[in-house]
Amino acid sequence: MTSVLAVVLAGGLARRMGGGDKPLRMLGGQPLLNHVLARVGPQVAGVILNANGDAGRFAGYGLPVVADPVPDHPGPLAGILAGLDWAAAMRPEIADVLSVPGDCPFLPADLLARLRAARAAAGVPMACAASGGWTHPPVALWPVALRGELRAALLAGERKIDRWTARFGCASAEWPAEPFDPFFNANAPDDLAEAERLLSSGLAGPIGTASRTISGDLP
């Protein structure tokens, strides 16, 4: 199998959190981003962050930080395109990019494997995660080869992930949502409180071992 790059989508405006960087909010004594990296990092050949503004606030992680390649914060599709563009320029041997939100601390350890299997079984170029009867379009596997089409769609005003993926075909891989949803995301302060409860109960497994410096094998 070819190597896969992960892009952590950390470029949102976090309005429901009162602004700032959601991935740097604390959960279980460490930033949300640490939990995300601890879970996704072992599954991929490398990780980059998609974030806008001063990249220095993520300097402690030792990871490349790439901004949206189109203006006006058009949403997660722009962050996905940033990952595809970076892979094409810096790691041309990489054919696929795995996107994950920076506020999902409980991502499953078999995320990449099951997305790959779902995509292969359906014979389509993309796959996204699903749980509890809902799909999670920002948690998906994307071919670098479609970056040109994605850029054109964004520049034409496209903002909805599932509407764009429907043009080419996108499989879904389903996970159970009990005893917890592995795609739980901390969008608001109440969500962080619920995440703390899940961690303290042990339902979501261990906190993880990610440190604030996770460089992987990227340049």
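Heads up: the structure comes first, above all this text.
So, a few notes on the structure that sits alongside this text. (Residues numbered from 1 in each chain as written. Predicted model: local features only at pLDDT ≥ 70, side-chain atom pairs only at ≥ 80, totals over all residues. Heavy atoms only, no water.)

Some points on helix α2 (residues 76–90)
Compared with an ideal rise of 1.5 Å per residue, which puts 15 residues at 21 Å, α2 spans 21 Å between its outermost C-alpha atoms and is within 8% of the ideal. Of all 15 residues making up α2, 11 are buried, and the element is well covered by its neighbours. Every buried residue belonging to α2 is among L77, A78, G79, I80, L81, A82, G83, L84, D85, W86 and A87, and all of these are buried. (Helix = DSSP H or I, 4+ residues; strand = E, 2+ residues; numbered from the N terminus. Expected span 1.5 Å × (residues − 1). Buried < 20%, exposed > 50% of the residue type's maximum accessible area, 1.4 Å probe, protein only.)

Comments concerning the environment of E178
Mapping E178 onto the fold places it in the loop between β9 (170–175) and α6 (189–201). In this structure, the C-alpha to C-alpha distance between E178 and S131, residues 47 residues apart in sequence, is 9.3 Å.

Focus on the pairing of strand β7 (residues 126–131)
Judged by how many residues are buried, β7 sits mostly within the fold: 6 of 6 residues are covered. With burial as the criterion, each face of β7 is covered, one bearing M126, C128 and A130 and the other bearing A127, A129 and S131. As paired strands, β7 and β9 are joined by 6 bridges and run parallel to one another. Considered in β9, the bridge of A130 is made with E174. Adjacent in sequence and paired antiparallel, β7 and strand β8 (residues 134–143) are bridged by 2 residues, among which G132 carries a positive phi angle near 60°. (Pairing = 2+ DSSP bridges.)

Description of the sheet that holds strand β1 (residues 4–9)
Taken together, the 7 strands give an open sheet; going across it, the order is β5-β4-β1-β6-β8-β7-β9, and neighbouring strands pair in mixed fashion. Since the sheet does not close on itself, it has two edges, and those belong to β5 (65–66) and β9, each with one partner. Here strand β4 (residues 46–50) pairs with β5 via 2 bridges, running parallel. Residue pairing in the sheet places N50 in a bridge with V66 of β5. Those strands touched by α2 are β1, β4, β5, β6 (96–101) and β8, and its axis lies near 145° from that of β1. (Contact = heavy atoms within 4.5 Å. Axes fitted to C-alpha atoms, helices over the stretch in contact; angles between N-to-C directions.)

Describing the state of the cysteines
For the structure shown, the criterion picks out 0 disulfides. Considering cysteine sulfurs only, C170 is the nearest to C128, which forms no disulfide, with 4.2 Å between them. Since its relative accessible area comes to 8%, C128 is described here as buried. (Disulfide = S-S within 2.5 Å.)

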